[in-house]
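One letter stands for each residue in the lines below.
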Amino acid sequence: MLVTKAVIPAAGLGTRFLPATKSVPKEMLPVVDRPAIEYVVEEASQAGLRDVLLVTSRSKKAIEDHFDREAEVEAALERKGDKTRLERVRASAELAEVHSVRQSSPRGLGHAVLCAAAHVGSESFAVLLGDDLIDERDPLLVEMIALQARHGGAVVALMEVPEESVSMYGVATIAPGPPAGAAAEPAGGAAALTTPTGRYRAVRVTDLVEKPPVDEAPSNLAVIGRYVLPPEIFDILRSTPPGRGGEIQLTDALRTLAERAGDDPAAALPVHGIVFTGRRYDTGDRVDYLKAIVRLASERPDLGPEFYPWLEEYVASGGPKAEA
Ligand code: G1P
């Protein structure tokens, strides 16, 4: 069945960005000149998911307002004849049909996803985590949705990360070969089946563990914040006990799904992964957030030509090492 709904958990406190996030939701912090969450809603919309559900909490009203029309600002821009800005202000309200539901207590990502059950109903749906931005030039979600359409069950986005970082992520165990039938799907030829590091791009996930210690991690394949999930995940989440950090973990529910499917190639609800090798920006951490901004600004046609030469000069001059 076609995936049409996206769920975006946005209830986190944003403690890593205090005091900026004392009264502004972390999802509203600008990445260049647009709030971080707008990139994520745009990604969903570009993948054909026009029904977006934000799972929010108290003090997140600014996010809902951002995806609504702003009559006063629009009228002022119209009076001035400022068409460019008018279009940009309207764009966020036109990206998707944005709904919201409250997660009243911070009980973890799994619980946040469970809050979407009534809205999602009995369809498969996507989950996009706001801290991970996927470059629009490297589409991932579309590929995940296509894989899910073929096999059913769940699809997670995976990325090879340095070994020392595995404890920050859900980590996957994968089956050695490509998923059943993959070899007969030549879109793009044999090269499209593997990553530049020689891994199969689409893989069968046989187990998942949330934030394992480095020496217990089954691989360096980390779950990055994109999921396509079957509606059966809700029942599993309802009976998933609190896991790491005392929170209800989505990873644990996916592990249950993977365990139930075992290695039966015909299992009704298997778990697959797409190993992503494109550009991903982590905006959940201050240094990575800065890197994302510098990179995106440098590559923007309207800002890069002015910004990047300045950056080069700043670096060449020794940056903070230069004497004032
Ligand atoms: C969450 C998930 C984790 C996943 C990560 C991706 O963790 O629980 O499995 O790998 O997102 O960003 P968080 O970053 O919210 O702690």
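It should be noted that the structure appears before, not after, this text.
What comes next is a walk through the structure. The shown structure was predicted, so the numbers you read here are calculated from the model rather than taken from an experiment.

1. Concerning the pairing of strand E1 (residues 5-9)
The element E1 is largely enclosed, with a buried count of five among its five residues. With burial as the criterion, each face of E1 is covered, one bearing Lys5, Val7 and Pro9 and the other bearing Ala6 and Ile8. Pairing geometry for E1 and strand E4 (residues 51-56), over five bridges, is parallel. Each bridged residue has a counterpart across the sheet, and for Pro9 the counterpart in E4 is Val55.

2. Examining the packing of aromatic side chains
Throughout the structure, instances matching the rule amount to four aromatic pairs. Considering the side-chain rings of Trp310 and Tyr314, the 5.2 Å spacing of their centres and the 10° angle between planes classify their relative orientation as stacked. Of this pair, Trp310 and Tyr314 both sit in helix H11 (residues 304-316), four residues apart, roughly one helical turn. Clustering of aromatic rings is evident, with ring pairs tying together Phe307, Trp310 and Tyr314.

3. Things to note about the pattern of salt bridges
On inspection of all chains with the given rule, the structure shows 24 salt bridges. When the shortest N-O distance is used, the salt bridge between Glu74 and Arg90 registers 3.0 Å. Pair noted here: Glu74 is in helix H3 (residues 71-80) and Arg90 is in helix H4 (residues 83-94), with a separation of 16 residues, a long-range link. The salt bridge involving Glu78 is made with Arg90; its shortest N-O contact spans 2.8 Å.

4. Points about H11
One turn of the α-helix equals 3.6 residues, which is why residues spaced by three or four share an orientation. For H11, with 13 residues, the first-to-last C-alpha span of 17 Å sits near the 18 Å given by 1.5 Å per residue. Just past H11, the residue Gly318 takes up positive phi, approximately 100°.

5. Brief notes about the packing of helix H10 (residues 286-299) against H11
Interhelical geometry of H10 versus H11 gives an angle of 125° and a closest axis separation of 7 Å. Taken together, H10 and H11 sit at an angle that is classed as oblique. Across the interface between the two elements, Val294, Ala297 and Ser298 from H10 touch Gly304, Phe307, Tyr308 and Leu311 from H11. Residue composition of the contact of H10 with H11, grouped by class: five nonpolar, two polar and no charged.

6. Some details on the site of the ligand
Every residue lining the ligand is accounted for by Leu109, Leu129, Asp132, Tyr169, Gly170, Glu210, Lys211, Val223, Gly225, Tyr227, Gln249 and Thr251. Contacts to the ligand include Glu210, whose side-chain N or O atom sits 2.6 Å from an oxygen atom. Here an oxygen atom of the ligand sits 3.1 Å away from a polar atom, N or O, in the side chain of Thr251. Compared with its free state, where it exposes 380 Å², the ligand has 76% of that area covered by protein. With three residues, the single largest contributor to the shell around the ligand is strand E11 (residues 221-229). A per-class count over the shell around the ligand returns five nonpolar, four polar and three charged.

7. What about the packing of H3 against H4?
Here H3 crosses H4 at 160°, and the two axes come no closer than 9 Å. Compared by their axis directions, H3 and H4 come out roughly antiparallel. Judged by the twist between their axes, the crossing of H3 over H4 is left-handed. Facing Val73, Glu74, Leu77 and Glu78 of H3, the residues of H4 in contact are Arg85, Leu86, Val89 and Arg90. The class makeup of the residues in the contact of H3 with H4 is four nonpolar, no polar and four charged.

8. Structural notes on the environment of Leu250
Looking at the secondary structure, you find Leu250 in helix H9 (residues 250-261). Residue classification places Leu250 among the buried positions, given a relative accessible area of 0%. Between the alpha carbons of Leu250 and Phe125 there is a distance of 14 Å; along the sequence they are 125 residues apart. Here Leu250 is in contact with Leu109, Gly110, Val113, Tyr227, Leu229, Ile233 and Leu237, once residues within four sequence places are set aside.

Rules used throughout
Residues numbered from 1 in each chain as written. Predicted model: local features only at pLDDT ≥ 70, side-chain atom pairs only at ≥ 80, totals over all residues. Heavy atoms only, no water. Buried < 20%, exposed > 50% of the residue type's maximum accessible area, 1.4 Å probe, protein only. Helix = DSSP H or I, 4+ residues; strand = E, 2+ residues; numbered from the N terminus. Pairing = 2+ DSSP bridges. Phe/Tyr/Trp six-rings, centres within 6.5 Å; stacked < 30°, edge-to-face > 60°. Salt bridge = Lys/Arg side-chain N within 4 Å of Asp/Glu carboxyl O. Expected span 1.5 Å × (residues − 1). Axes fitted to C-alpha atoms, helices over the stretch in contact; angles between N-to-C directions. Parallel < 35°, antiparallel > 145°, perpendicular 65-115°, else oblique. Contact = heavy atoms within 4.5 Å. Nonpolar A, V, L, I, M, F, W, Y, C, P; charged D, E, K, R; others polar. Near = heavy atom within 4 Å. Polar contact = N/O pair within 3.5 Å; in protein donor to acceptor, adjacent residues only side chain to side chain. Areas by Shrake-Rupley, 256 points an atom, 1.4 Å probe, with all protein chains shown as cover. Left-handed = near helix turned anticlockwise from the far one by under 90°.

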